[in-house]
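Summary of the model geometry
Read off the chains here:
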Amino acid sequence: WGGGGRAPRRASEQSVAAAAACGGGGGGGHDDSGGAGMDAEPEPKTCRLKSAKRAVEKIVRSYDQDVSRLLDVCRQCIVFETVGDISACLSCISNDPEAVVVRVKNRLDTDYDARRVLGYRDVNVNLQLRTTETMWLGAQSHVCELQLVLRSVAELKERMGHTNYVCFRNLRVE
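Starting from 1, residues in each chain are numbered consecutively following that chain's sequence as written. With the structure being a predicted model, the display of local features is reserved for residues of pLDDT at least 70 and the display and counting of side-chain atom pairs for 80 or more, all residues being used for whole-chain, interface and lining totals. Based on all heavy atoms of the structure, the side-chain values leave hydrogens and waters out of the count.

**Some details on helix α2 (residues 52–62)**
The following threshold applies: Buried, partly exposed and exposed residues are distinguished by accessible area as a fraction of the type maximum, computed with a 1.4 Å probe on protein chains only: under 20%, between the cut-offs, and over 50%, respectively. Each helix corresponds to a stretch of at least 4 residues labelled H or I by DSSP, and each strand to a stretch of at least 2 residues labelled E; elements are numbered beginning at the N terminus.
Every buried residue belonging to α2 is among R54, A55, E57, K58 and I59, and all of these are buried. Directly beyond the C-terminal end of α2, a positive phi value near 50° is found at D64.

Here it is in structure tokens:
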């Protein structure tokens, strides 16, 4: 990084920092951006980059070898206490002039058939960040994924839930 000062954060770190800042300041209420405050502080969780093996698997199995459809290589997760907190975060992201929402996959929607994912529920936001730093790096068109998850679901996932899902997904060849 030759720009002086601190090195730019990865796009996923910026997403988490921006989303987690919504409603921060401890007391809930409303922030200056017009987004509703949150009941409790959201908890960012670090996610690893998708492995090359899994990326190729997904491109071949699910995307008919169209690499442009793979949008979750760079990802982060934020854990929330309530659906209202997730809604407030989505509002904050949608009102952020530096965030360009590419897609929202709402697995909390009652019309979503969660049987395909063994009952897993979350909201995935694919977005691009248009900041001075991403422009300087030429990364403004990179799409990252922000996973918004309820604490109760995150805790279930940590207790072997994801391992079981991987087995299920492999049996379905997805």
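**Observations regarding the pairing of strand β2 (residues 75–80)**
Condition: Should DSSP find at least two bridges between two strands, the strands are taken to pair.
Counting buried positions over the 6 residues of β2 gives 6, a clear majority of the element. Going residue by residue along β2, you find R75, C77 and V79 tucked away on one face and Q76, I78 and F80 tucked away on the opposite face as well. Note that strand β1 (residues 43–45) and β2 share 3 bridges and pair antiparallel. Looking at β2, one finds that E43 is bridged to V79. Sheet analysis places β2 next to strand β5 (residues 144–150), joined by 6 bridges and oriented parallel. Of the residues in β5, the one forming a bridge with R75 is E145.

**Observations concerning the pattern of salt bridges**
Condition: Between Lys or Arg on one side and Asp or Glu on the other, a salt bridge is scored when a side-chain nitrogen of the former is within 4 Å of a carboxyl oxygen of the latter.
Under the defined criterion, the tally for this structure stands at 6 salt bridges. For E81, the salt bridge is made with R151, and the minimal N-O distance between the two is 2.4 Å. Note that E81 is positioned in the loop between β2 and α3 (83–94) and R151 in helix α5 (residues 151–171), a separation of 70 residues in sequence. Given the relative accessible area of 40%, E81 is considered partly exposed. In this structure, R107 engages D122 in a salt bridge whose closest nitrogen and oxygen atoms are separated by 2.9 Å. With R107 in the loop between β3 (99–106) and β4 (123–129) and D122 in the loop between β3 and β4, this residue pair connects regions lying 15 residues apart in the sequence. The two residues R107 and D122 agree in class, both being buried.

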